[in-house]
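What follows is the residue order along each chain.
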Amino acid sequence: MNPFRKSVGGFKYFTGIESLAQIATREDRVCVLNILGGESSEVTPVGHAWSGGNVVFGTSPGRSGQVLETPHGSIPVYNNVREGLEAGHSFNCGVVYLPPSAADDGVVELIRVNPELTKIFIPTEKMSVHDAREIRAMAQARGIDIFGGNSLGVADSWNQVRIGGALGGDSPGDSLKKGTVAILSNSGGFTTTIAQYLRMGGWGTTTLVSSGKDVYIHYAAPEFAFALGNDDRSKAAVLYCEPGGYYELDAEFTKPVVACVVGRWKSKLTRAVGHAGAMSGGGDDAASKERWFMEKFGVDALYTPERPVCSAKGAVVTNIADIPAALTAVMAANGVKPDFAPEGTMELKAWFGSNAGAKIPSELDLPTVRAVAPYDVQVKALALQVGATFAREALKDASGVSQMDAKTQVTRLNGVSVLDAAQYTLEGNVGLALLKEPGGENDRMLVSVAVGAYLNLHGEVTLAAAQAAREAGNAPNAVLAAALAIMGPRRTDPARAIAHELIARFSAAGLKDALDESFALGGVLEAGAASMLGAAPDPRAEAMLEGLRVRGARSVFLRFLERLGGHPTADAVLAAITTTLGWGPLMRKRVSRLTVECLPAWMQLFGTSIGASVDASRHEATRFCGISEADLLGARSLTEVACVALLHEQPRPGDLFAFQTLVGLLLSNGPGTISAQGAKGAVSSDGPEQPERVQLNKGMIGFLTHCGYAHGGNGYEGVAFLLEQFRDSGLTDPGSKSHGADVGALAARYVESYARYKADKKNSGNLDIQKIPGVNHPVFKDKPVNHDPREVFIAELMGKRGEYNVFHEFYRALVQKLYDEGVSRNVYCVNIDAVIAALLLKTVWPAYRAGTIKADALETAAFTIFLYARMLGCAAEIDDHLNRGRNMDTRTAASAVRFLA
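Residues numbered from 1 in each chain as written. Predicted model: local features only at pLDDT ≥ 70, side-chain atom pairs only at ≥ 80, totals over all residues. Heavy atoms only, no water.

**Q** If you had to explain the overall build of the protein chain to someone new, which residues and values would you point to?
**A** Within the protein chain one finds 32 helices and 21 strands. The globule rule puts the C-alpha radius of gyration for 901 residues at 29 Å, and the 38 Å found for the protein chain is more than 25% above it. Considering only C-alpha atoms, the protein chain reaches an extent of 110 × 85 × 65 Å along its principal axes. Taking all 901 residues of the protein chain together, 53% fall into the buried category. For the protein chain, the share of sequence-separated contacts (at least 6 apart) that also reach a separation of at least 24 residues comes to 73%. (Helix = DSSP H or I, 4+ residues; strand = E, 2+ residues; numbered from the N terminus. Rg over C-alpha atoms; globule rule 2.2 N^0.38 Å. Buried < 20%, exposed > 50% of the residue type's maximum accessible area, 1.4 Å probe, protein only. Contact = heavy atoms within 4.5 Å.)

**Q** An account of the pairing of strand β12 (residues 236–241) is needed here, citing residue identities and associated values.
**A** Of all 6 residues that make up β12, 6 are buried, and the element is covered over most of its length. Every second residue of β12 is oriented toward a common face, with Ala 236, Val 238 and Tyr 240 on one face and Ala 237, Leu 239 and Cys 241 on the other, all of them buried. Alignment of strand β10 (residues 178–185) against β12, held across 5 bridges, turns out to be parallel. The residue bridging Val 181 from the neighbouring strand is Ala 236, located in β12. Pairing of β12 with strand β13 (residues 257–261) involves 5 bridges; the strand directions are parallel. (Pairing = 2+ DSSP bridges.)

**Q** Go over helix α6 (residues 188–200), please, and point to the residues and values.
**A** Compared with an ideal rise of 1.5 Å per residue, which puts 13 residues at 18 Å, α6 spans 19 Å between its outermost C-alpha atoms and is within 8% of the ideal. Of all 13 residues in α6, 10 are buried, a share of seventy percent or more. Considered for burial, the residues of α6 that qualify are Gly 188, Thr 191, Thr 192, Ile 194, Ala 195, Gln 196, Tyr 197, Leu 198, Arg 199 and Met 200. On its buried face, α6 is in contact with α5 (172–175), β10, β11 (205–210), β12 and α10 (323–333). The N-terminus of α6 is capped by Ser 187, whose side-chain oxygen sits 3.2 Å from the backbone nitrogen of Phe 190. (Expected span 1.5 Å × (residues − 1). Polar contact = N/O pair within 3.5 Å; in protein donor to acceptor, adjacent residues only side chain to side chain.)

**Q** Can you tell me about the packing of aromatic side chains, naming the residues and giving the values?
**A** As enumerated under the stated definition, the model contains 27 aromatic pairs in all. Seen in terms of ring centroids, Phe 506 and Phe 519 are 6.3 Å apart; in terms of plane orientation they differ by 35°. Their pairing is tilted. Here the residue Phe 506 occupies a position in helix α17 (residues 489–508), and Phe 519 occupies one in the loop between α17 and β18 (533–534), the gap between them amounting to 13 residues. By way of ring pairs, the aromatic residues Phe 721, Phe 726, Tyr 750, Tyr 754, Tyr 757, Phe 807, Phe 810, Tyr 811, Trp 845 and Tyr 848 are connected into one cluster. For Lys 177, the ring lying beneath its charged end belongs to Phe 340, and the centroid distance is 3.9 Å. Over the aromatic face of Trp 158 sits the side chain of Lys 178, whose NZ or CZ is 4.3 Å from the ring centroid. (Phe/Tyr/Trp six-rings, centres within 6.5 Å; stacked < 30°, edge-to-face > 60°. Lys NZ or Arg CZ within 6 Å of the ring centre and 35° of its normal.)

**Q** Let's hear about the sheet that holds strand β17 (residues 416–417): which residues, and what values?
**A** Spatially, the 3 strands line up as an open sheet ordered β15-β16-β17, and their pairing is antiparallel. Here the strands that pair on one side only, and so sit at the sheet edges, are β15 (402–404) and β17. Where β15 lies against strand β16 (residues 411–413), 3 bridges are found, and the strand directions are antiparallel. Bridged to Gln 403 within β16 is Arg 412.

**Q** Residues and numbers for the nonpolar core, please.
**A** Soluble globular proteins tend to bury their nonpolar side chains together. Counting 165 residues, the largest nonpolar core has Phe 506, Ile 577, Trp 602, Phe 606 and Leu 814 as the members making the most contacts within it. Per-element tally for this core: the top contributor is helix α32 (residues 855–884), with 16 residues. Residues Val 161, Leu 184, Met 294 and Ala 301 belong to the second largest nonpolar core, which totals 46 residues. (Core = buried A, V, L, I, M, F, W, Y, C linked by side-chain atoms within 4.5 Å.)

**Q** Just give me the short version of the environment of Ala 535, but keep the residues and values in it.
**A** Structurally, the position occupied by Ala 535 is in the loop between β18 and α18 (539–551). Overall, the relative accessible area of 84% leaves Ala 535 in the exposed class. Along the primary structure Ala 535 and Thr 569 are separated by 34 residues, whereas in three dimensions their C-alpha atoms are 9.2 Å apart.

**Q** Could you give an account of the sheet that holds strand β5 (residues 93–96), with specific residues and numbers?
**A** Spatial strand order, β3-β4-β2-β1-β5-β6-β7: 7 strands in an open sheet with mixed pairing. The sheet is open, and its two borders are formed by β3 (67–68) and β7 (145–148), each paired with just one other strand. Bridging between strand β2 (residues 55–59) and strand β4 (residues 75–78) involves 2 bridges; their strand directions are parallel. The residue bridging Gly 58 from the neighbouring strand is Val 77, located in β4.

**Q** Before we move on, could you go through the pairing of strand β6 (residues 119–122) and cite the residues and values that matter?
**A** In β6, alternate side chains face the same way, and those of Lys 119 and Phe 121 on one face and Ile 120 and Ile 122 on the other are all buried. The β-α-β motif built from β5, the intervening helix α3 (residues 100–113) and the parallel element β6 has right-handed crossover chirality. Direction of pairing for β6 relative to β7: parallel, over a ladder of 4 bridges. Within β7, the position partnered with Lys 119 by the bridge is Asp 145. One crossover worth recording links β6 to the parallel β7 by way of helix α4 (residues 129–142), and it is right-handed. (Right-handed = clockwise from strand over helix to strand, strands pointing away.)

**Q** Residues and numbers for the pattern of salt bridges, please.
**A** A side chain of one charge can pair with a side chain of the opposite charge if their charged atoms are brought near each other. For the structure shown, the criterion picks out 30 salt bridges. Glu 803 serves as the salt-bridge partner of Arg 801, at 3.1 Å between the closest nitrogen and oxygen. Lys 842 serves as the salt-bridge partner of Glu 803, at 3.1 Å between the closest nitrogen and oxygen. In this pair, Glu 803 sits in the loop between α29 (789–801) and α30 (806–820) while Lys 842 sits in helix α31 (residues 832–850), placing the two residues 39 residues apart along the sequence. For the pair shown, Glu 803 and Lys 842 are each scored as buried. Salt bridges linked by common partners bring Asp 156, Asp 231 and Arg 233 together as one network. (Salt bridge = Lys/Arg side-chain N within 4 Å of Asp/Glu carboxyl O.)

**Q** Can you lay out the side chain of Ser 151 for me, pointing to particular residues and giving the numbers?
**A** By the element assignment, Ser 151 lies in the loop between β7 and β8 (154–156). For Ser 151, a relative accessible area of 2% puts it in the buried group.

**Q** Describe in detail the environment of Val 330, supporting the description with residues and values.
**A** Structurally, Val 330 is set in helix α10. Looking at Val 330, the relative accessible area reads 0%, which means it is buried. When sequence neighbours within four positions are dropped, the list of residues in contact with Val 330 reads Pro 256, Val 258, Cys 310, Ser 311, Ala 312, Lys 313, Gly 314 and Ala 315.

**Q** Talk me through unusual backbone geometry; I want residue IDs and the actual numbers.
**A** Residue Gly 149 follows Gly 148 across a cis peptide bond; omega there is -5°. Locating Gly 149 in the fold gives a position in the loop between β7 and β8. Here Ala 373 and Pro 374 are connected by a cis peptide whose omega angle stands at 0°. Within the secondary structure layout, Pro 374 lies in the loop between α10 and α11 (375–384). Backbone geometry at Gln 160 places phi at a positive 55°, although glycine is not the residue there. For Gln 160, the position within the fold is in the loop between β8 and β9 (161–163). Here Gln 409, not a glycine, exhibits a phi torsion of approximately 65°, which is positive. For Gln 409, a relative accessible area of 14% puts it in the buried group.

**Q** How would you explain the environment of Arg 812 if you had to name every residue and give the values?
**A** Mapped onto the fold, Arg 812 is located in helix α30. Apart from residues no more than four positions distant in its own chain, Arg 812 is found in contact with Glu 791, Val 792, Ala 795 and Val 830.

**Q** I'd like a rundown of the packing of helix α25 (residues 674–686) against α32, residues and numbers included.
**A** Their axes nearest at 9 Å, the elements α25 and α32 cross at an angle of 35°. Every pair of crossing elements has a handedness; the one defined by α25 and α32 is right-handed. Contacts between α25 and α32 involve Ser 675, Ala 676, Ala 679, Lys 680, Val 683 and Ser 684 from the first element and Arg 870, Cys 874, Glu 877, Ile 878, His 881 and Leu 882 from the second. When the residues that make up the contact of α25 with α32 are grouped by side-chain class, the tally is 6 nonpolar, 3 polar and 3 charged. (Axes fitted to C-alpha atoms, helices over the stretch in contact; angles between N-to-C directions. Left-handed = near helix turned anticlockwise from the far one by under 90°. Nonpolar A, V, L, I, M, F, W, Y, C, P; charged D, E, K, R; others polar.)

**Q** Run through the side chain of Ser 417, naming residues and quoting values.
**A** Here Ser 417 is to be found in strand β17. Judged by relative accessible area, Ser 417 falls into the buried class, the value being 6%. A polar contact is formed between the side chain of Ser 417 and the backbone nitrogen of Leu 419, at a distance of 3.0 Å. Apart from the residues lying within four places of it in its own chain, the contact partners of Ser 417 are Val 410, Thr 411 and Arg 412.

Below you can see the structure in the form of structure tokens.
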């Protein structure tokens, strides 16, 4: 019986294992507690089969008579250990798969009913210190060795035995090859990883011990070192050590050791994380352990590939990838060669990859290798695929391009905050919406020409339709919808078909960079390019090409058109421009081929929308809003031209800043907005699963019909409020700090009148009190001083640019005065609507003062700039739904609707 089991090694406590060869043997027989539990039922069958059937039975209360099936046969299950013993089974090893609160009871049961017990393995993590001490005392008294807790067990490569865990994974033989190196590791997972690293480096293993890393490590470095010294099979050892505990300091090694010490970052912690490692000030942190081992080995530095410091006694590393080389160097100092020829490396062998256009240092830029069969064929096919492919799913109230943060109320479009988008140009936001990136200077030139070519609608039926809608008293959204209804597929399909052809020809030719001026066009098929050429010169095409030449824009596709000779059509030039824009995202698989093929149509729709927003009188044969065609296509940015269209005059730098800021802020408010729902519903009803049937102009009309005076036109409320407050102020320049208006007095005057209004309402019992436009927010409230983070961001941005806005200053003075006079119980926030109103009114104030813009025109301008911005955000939603959505997926189930009598 175990009370007579001899302790070895001269330790002050019981240790029954004299050699590592005794830890896991073919003679060991195992009982597993909670054998049908989630973890045990997964790993026990593998270990049992690899070990030749070493588990004699398991326990699971209430499941007596069941079995655990394994490749080596069934393992019987009993209610408890005694029942299994009474059935005639015997064992000397117990494995405890029980939760922390029950693990000590399991150990007690094993010890009390089985006098033949010699070893216990505890995978359980985070046992209490009290329970760990209690079971250690009982095991010591009975002459039993414990491994764990928090252990993945032990394994022996020579004996092909695994007990109490998952060392070697699902295929232990792949990692645990017979050799001369023993492993002791605080980490269970890294025990197997280190064995695999060693195998790749030519070293096999003997015994592997996952010691665990709970506060109590029952079988630790001192016991391991003693057993290592008595194991004739083991010529060396590898230790994987984490911070915490002084076990390694007390270990006396008589054979070479490579110690991998990790966890320096934990020295900065003041509370434990993960394994029970050391915390700040404990004296047993990673740096301390590195020093202990360096003193044991007689080295003065860590082993690294650049500086391979080691001795015949050992080496210290901090990266497991360095273990094989360090071991080879240490053993060479002892005149010992690896166990067998190296089998390879553990370096990541990527089958495919993309740097997404980023320039990566060569040491980080992993090369790709040929995949193993049958994956090599699949990877080759994937490499030939042009663009991304998205899985289709129902997109009701869902989006793959936009999301609003409920906490900050800031929306992101294709991963970019609208606050950041507010710093992009209009043409940059065209790229962001459809290509998921704003692009560079060349892209902005291309967009300005592509959209600019379709702004002037002189002589077009689209302008006639828009003007008729305008003169009939329609709101701006309906005016634009009238024009876009005419921009059907027959108008946009020719350029779309050419884009399809260009993608096919140039992807087959191996083009990677659409701006590569050295790309040889000789390899691009020219046959069948007749659709790209016309019988006579195309004025629009010639104007576009001349504008691009003047700007110095670059494009392989435009060079290809010129190489064809003849007269390129406007559709061909547009397709060449848009394919240039989309080529980078397409090659990086950020967007689909479908998206890039649709780009020409989007440019036509954007140009037509902006053009239709302008009265017919401002469209002339060769001029748009007073800008000549040559100037529009050869010099002006789309931002500048759209700003002229909106303001009826040449914009100043501050006006351009305000305009692009407004566009960025208004791009999107997420897929739940009415405008986005209209756009998505139009695509859903057309059927995105047959994308060629979806009419993009109809999607845009869906967006437009879901805008109105409450959604889109409501921006005028803030403008009207500011006009009323500054009506008799004598303000001339709202962008000058020397504006002469008494902002404090204006705020005080309004607060006084609002306080009377509010009191009168309460006294009359009418609590339907009108809100102040631009003040307060349902999310940003209830603090002593409240802020809308979007307003704060724009204010800081204006400050950095040296921009001043008296209307914005008035709003901030107003919320403070409301609180000072007791009208509000705290300081309300100035919300984003106030910022939009302040920016817009500052831009149009000179024209308003001069009488060139009337109050009703201001309302139109406020609505129109919303449409300019939101058409980009809704185009992104339409494209997303086209690529990902399902037919009729935005409908509401009958069970979710109500009938009101």
